[in-house]
Structures are given as C-alpha cells and as structure tokens.
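# Per-entry structural report
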Amino acid sequence: MDAGQPEFGKIVVFGTGLIGGSFALGLKAAGAVEEVVGFGRTPSTLRVAQELGVIDRAGINPAHEIGDADIVLVATPVAQMPEIFARIAPYLGPNTIVTDGGSTKGDVVAAARAAFRGHIGKFVPAHPIAGAENSGPSAARHDLYQGKKVVVTPLDENNDERLDRVKRAWALCGADIYELTPEMHDRVFAAVSHLPHLLSFALVHDLAVRDDAELFFTFAASGFRDFTRIAASHPEMWRDICLANRQALLGELDSYRAQLDDLRDALDKADGERLEDVFGIARQARREWAGS
Ligand SMILES: NC(=O)C1=CN([C@@H]2O[C@H](COP(=O)(O)OP(=O)(O)OC[C@H]3O[C@@H](n4cnc5c(N)ncnc54)[C@H](O)[C@@H]3O)[C@@H](O)[C@H]2O)C=CC1
Ligand SMILES: O=C(O)C(=O)Cc1ccc(O)cc1
C-alpha cells in the first residue's frame, strides 16, 4: 500500500440501509476506501444514499462491478441474500472478498455455500452487534460501530488473509472483533436478540389490537417504553430473522414459556417468595450485566 492511499479500493454494498450504509460511512470517515458502489431494491433508496454521501454511485450491473471490488458487503434482509449471492457468484475476481451483515449465520452460510461452491473461501460471514430500530440510508451513521462488537463466524475454507481483511474493515469502522462458529452464533443470538424482539412485538401487538388500545398506550410509562423500543423495528427484517433461526428460536421460546408458566403458577398460588426469588436473581444478573 502506498503512503496516503486508502486501504481499500472499491467497496460494493448490497442494501445501503442502516447496516450497509454505516459500514460505508465508517470506512469513508477512516479515509480507508476509494469508492463505494451501492446496489439496492429501489432506485429512490439508492438516490437518497448517494445524496447523503453514503455511496459514491449506484451500480447497474454486477457483471461490471464485482470483479474489481475489494469487499462486497451484503447487508439486505437475510432472505434476500441467496438470490444476491447467486447473482454475484459468476463475477468474483481473484481478490474479491464477500462478507455480510446478517443477523443469522447458519442460513446465510448455507446460501453462500450453494452459490459460491468452490469459491466459498472468498465468503467471510459477519454480524455487527450494533443497530437500532430505525432503518434505511437516512439512519446510517459513520460512528454506528464505534466501540461495538462485530462477530465473525469464519469458515474452514477462509484463509487468514481474507479473514484479516474483513476483520480489518470492521475494525476501521471502530468495532471490536469476536469469533464464534455459525452454530454457536445462532444459539446465542436466538436467546439475547431474536427472542427479545419476538416478545416485544408480541406485547405491543397484544395491546394494539384491543378496541380500547389507546387507553392503555395513553398511560404506558418508561418501563413500557424500554421494553418495547425494539417493537418499532423493521417487520420484514425480523420476519426473515425469526424464520431463518426458527429452530433455535423455538427452543428459547419454549424455555421462556416454561419460565412464564412457573411465574403464573406462583401468582396463582400467591407465592410471593417464589416471585421475589426469581425477581432477585434477575435483578442481580441485569445489574451485573449493565455494570450498575
Ligand atoms: N437493524 C439492525 O439493528 C441490525 C440489522 N442487521 C442485519 O443487517 C441487515 C440489514 O439490516 P438494516 O440495515 O437494519 O436494514 P435496512 O432496511 O436499513 O437496509 C436494508 C436495505 O436493503 C435493501 N434491500 C432489500 N432487498 C434488497 C435486494 N434484494 N437487493 C438490494 N438491496 C435490497 C433495502 O431497500 C434497504 O435499503 C439485515 O440482514 C439485518 O438482519 C444486523 C445487525 C443490526
Ligand atoms: O436495537 C437494538 O437494541 C438491537 O438489538 C439492534 C440489533 C438488531 C439486530 C441485530 O442482529 C443486532 C443488533
């Protein structure tokens, strides 16, 4: 690398929303990329992404953009990824590395294997543990990943050089890098991310469909606000995540239902001691986790 020359030449981003857009802005803020080319589902999103400086230009034909790209980041809802992988697979260049920002890994890795076949080593799966309930290019921020974790789930076929390049790109965005297997990743995130989102959607839905929903929302306070912030998240994205990780999520849901049944039983029996035991253990764990 010449002195003063960005570490990355061309980055191609499929899905220039919160996650893809923030990756592009983070690399740009670090002076680490020469050019960002965006592919999207709708021209208006790409126009906004370009107006906001998230991308330098919109790509038209993957055949002309993939071969000389250093990194291709796929940051669409996970159910869109199989088709995108298949579309770009014929054009991977010798130095092209493909990565993703999807919230699930088992399904994404399976789709990548099906599309990239003998070139699967060029695909390095990743998941930034940073985000928000907002979406689209206008939600993208250059500092979204500062001090946040990115989990990379390396494949046996990934060589060190490609793995290091993907880790380096996320590190330039300010992230701390962790490694998990795809299987462990999906187990962990079913419990700490996918289940909480499902529960939050369920609670708000339960109230929203009542005839007198307004009465309840009028008096809901900050506890309700905290518990339900994530119910404002993107429905398509969360549909895809829940379906993609449904086996692990079903397991976590069953475990949570057993916990609820236990609490229901305690309530039914007016067993205050049991309630206080459960609340006490949860309170201590929550305080230790949050550092307060
Ligand atoms: N929102 C969050 O907090 C986080 C999301 N993720 C993952 O990142 C990915 C993207 O999520 P966000 O950026 O939040 O969503 P977003 O809705 O902000 O951005 C996704 C973009 O992909 C575009 N898109 C959809 N289908 C496409 C296709 N077939 N081809 C090209 N573009 C397409 C959409 O138009 C949109 O602009 C998802 O897989 C999600 O699971 C990962 C970590 C955090
Ligand atoms: O908004 C929040 O608090 C989140 O939990 C963001 C988030 C959503 C999806 C992910 O895969 C990772 C992080």
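Residues numbered from 1 in each chain as written. Chains lettered and ligands numbered in written order. Predicted model: local features only at pLDDT ≥ 70, side-chain atom pairs only at ≥ 80, totals over all residues. Heavy atoms only, no water.

## Topic: the confidence of the model for the chain
Summing up the model confidence of the chain, the mean pLDDT is 97 and the portion of residues at 70 or higher is 99%. For this predicted complex, the interface confidence reaches an ipTM of 0.98, while the overall pTM sits at 0.97. (pLDDT = per-residue confidence, 0-100.)

## Describing the sheet that holds strand β2 (residues 33-39)
Strand order in the open sheet formed by six strands is β3-β2-β1-β4-β5-β6, and the pairing between neighbours is parallel. Looking at the sheet topology across the chains shown, the edges are occupied by β3 (57-58) and β6 (123-124). Where helix α1 (residues 18-29) meets the sheet, its contacts fall on β1 (8-14), β2 and β4 (71-74), and the angle it forms with β2 comes to roughly 165 degrees. (Pairing = 2+ DSSP bridges. Helix = DSSP H or I, 4+ residues; strand = E, 2+ residues; numbered from the N terminus. Contact = heavy atoms within 4.5 Å. Axes fitted to C-alpha atoms, helices over the stretch in contact; angles between N-to-C directions.)

## Here we look at the UniProt feature "domain: Prephenate/arogenate dehydrogenase" (unreviewed entry) in the chain
Within the UniProt annotation, "domain: Prephenate/arogenate dehydrogenase" (unreviewed entry) is assigned to residues 9-292. In residues 9-292, the share of helix is 53% and the share of strand is 13%. The end C-alpha atoms are 43 Å apart. (UniProt positions renumbered as here; feature names shortened; annotations may be inferred.)

## Quick word on the nonpolar core
One broad trend across soluble globular proteins is that nonpolar side chains are buried collectively. If you look at the biggest cluster of nonpolar residues, it comprises 36 residues, and the most contacted ones within it are Ile11, Phe23, Leu27, Val36, Val54, Tyr145 and Trp170. Looking at this core, the elements that each hand over two or more residues are β1, α1, β2, α2 (43-51), β4, β8 (149-152) and α6 (160-172). Per-element accounting of this core gives the leading share, six residues, to α1. Apart from residues no more than four positions distant in its own chain, Ile11 is found in contact with Phe23, Leu27, Val33, Glu35, Val36, Val37 and Ile71. In this structure, Val12, Ile88, Ala89 and Phe116 belong to the second largest nonpolar core, which totals 25 residues. (Core = buried A, V, L, I, M, F, W, Y, C linked by side-chain atoms within 4.5 Å. Buried < 20%, exposed > 50% of the residue type's maximum accessible area, 1.4 Å probe, protein only.)

## Considerations on the UniProt feature "coiled-coil region" (unreviewed entry) in the chain
Under the local residue numbering, the UniProt record ascribes the feature "coiled-coil region" (unreviewed entry) to residues 246-273. The span residues 246-273 shows a helical share of 89% and a strand share of 0%, and its end C-alpha atoms are spaced 35 Å apart.

## Here's the deal with a nonpolar patch on the surface
A cluster of nonpolar side chains, contributed by Met184, Val188 and Val192, occupies part of the molecular surface with about 230 Å² of accessible area. Relative to the helices and strands, Val192 resides in helix α7 (residues 182-208). (Patch = residues over 30% accessible without salt bridge, like charges linked within 9 Å, V, L, I, M, F, W, Y side chains within 5 Å. Areas by Shrake-Rupley, 256 points an atom, 1.4 Å probe, with all protein chains shown as cover. Salt bridge = Lys/Arg side-chain N within 4 Å of Asp/Glu carboxyl O.)

## Concerning the site of ligand 1
Around ligand 1, 28 residues are found, and the nearest of them are Leu18, Ile19, Thr76, Ser103 and Gly136. Thr76 is positioned such that a nitrogen or oxygen atom in its backbone is 2.7 Å from an oxygen atom of ligand 1. With respect to ligand 1, the backbone of Gly136 contributes an N or O atom lying 2.6 Å from an oxygen atom. Protein burial of ligand 1: of its 830 Å² of free accessible surface, 91% is covered by the chains. Contributions of two or more residues to the shell around ligand 1 are made by α1, α4 (81-88), β7 (126-129) and α10 (235-244). (Near = heavy atom within 4 Å. Polar contact = N/O pair within 3.5 Å; in protein donor to acceptor, adjacent residues only side chain to side chain.)

## Quick word on unusual backbone geometry
Glycine aside, negative phi is the norm for most residues, and most peptide bonds take the trans geometry. Phi is positive for Arg117, close to 45 degrees, though the residue is something other than glycine. One can find Arg117 in the loop between α5 (106-116) and β6. The phi dihedral of Ala270 is positive, around 50 degrees, even though this residue is not glycine. Tracing the backbone through its elements, the reader meets Ala270 in the loop between α11 (246-268) and α12 (272-290).

## Some thoughts on the side chain of His197
Inspection of the secondary structure puts His197 in helix α7. If we ignore the near neighbours within four places in the chain, the residues touching His197 are Ile230, Ser233 and Trp238.

## Focus: the sheet that holds β7
Across the sheet, which stays open at both edges, the three strands sit in the order β7-β8-β9 with mixed pairing between neighbours. Bordering the open sheet on either side are β7 and β9 (176-179), each of which pairs with just one other strand. Along the sheet, successive strands turn relative to each other by an average axial angle of 25 degrees, direction set aside. Of the strand pairs in this sheet, β8 and β9 are connected by four bridges, and their pairing is parallel. Bridging from a neighbouring strand, Val152 pairs with Glu179 of β9. Strands β7, β8 and β9 of the sheet are contacted by α6, whose axis makes an angle of about 140 degrees with β9.

## Quick notes on the site of ligand 2
Close to ligand 2 lie Ser103, His127, Gly131, Ala132, His197, Arg229, Ile230 and Trp238. Ser103 has a polar side-chain atom sitting 2.7 Å from an oxygen atom of ligand 2. Within the side chain of His127, one N or O atom sits 2.6 Å away from an oxygen atom of ligand 2. Calculation on ligand 2 without its partners gives an accessible area of 340 Å², and the protein chains cover 81% of this total. Here the shell around ligand 2 is composed, by residue class, of three nonpolar, four polar and one charged. (Nonpolar A, V, L, I, M, F, W, Y, C, P; charged D, E, K, R; others polar.)

## Some words on the packing of aromatic side chains
Under the counting rule described, the total for this entry stands at seven aromatic pairs. Pairing Phe23 with Trp170 gives two aromatic rings, centres 4.6 Å apart and planes at 55 degrees, and the pair type is tilted. In this pair, Phe23 is assigned in helix α1 and Trp170 in helix α6, connecting sequence segments 147 residues apart. A relative accessible area of 0% means that Trp170 is categorised as buried. Summarising the aromatic geometry, the rings of Phe85 and Phe123 are spaced 5.2 Å apart at their centres and angled 65 degrees between planes, so their arrangement reads as edge-to-face. Taken together, the residues Phe85 in helix α4 and Phe123 in strand β6 connect sequence positions 38 residues apart. When sorted by exposure, Phe85 lands in the same class as Phe123, which is buried. (Phe/Tyr/Trp six-rings, centres within 6.5 Å; stacked < 30°, edge-to-face > 60°.)

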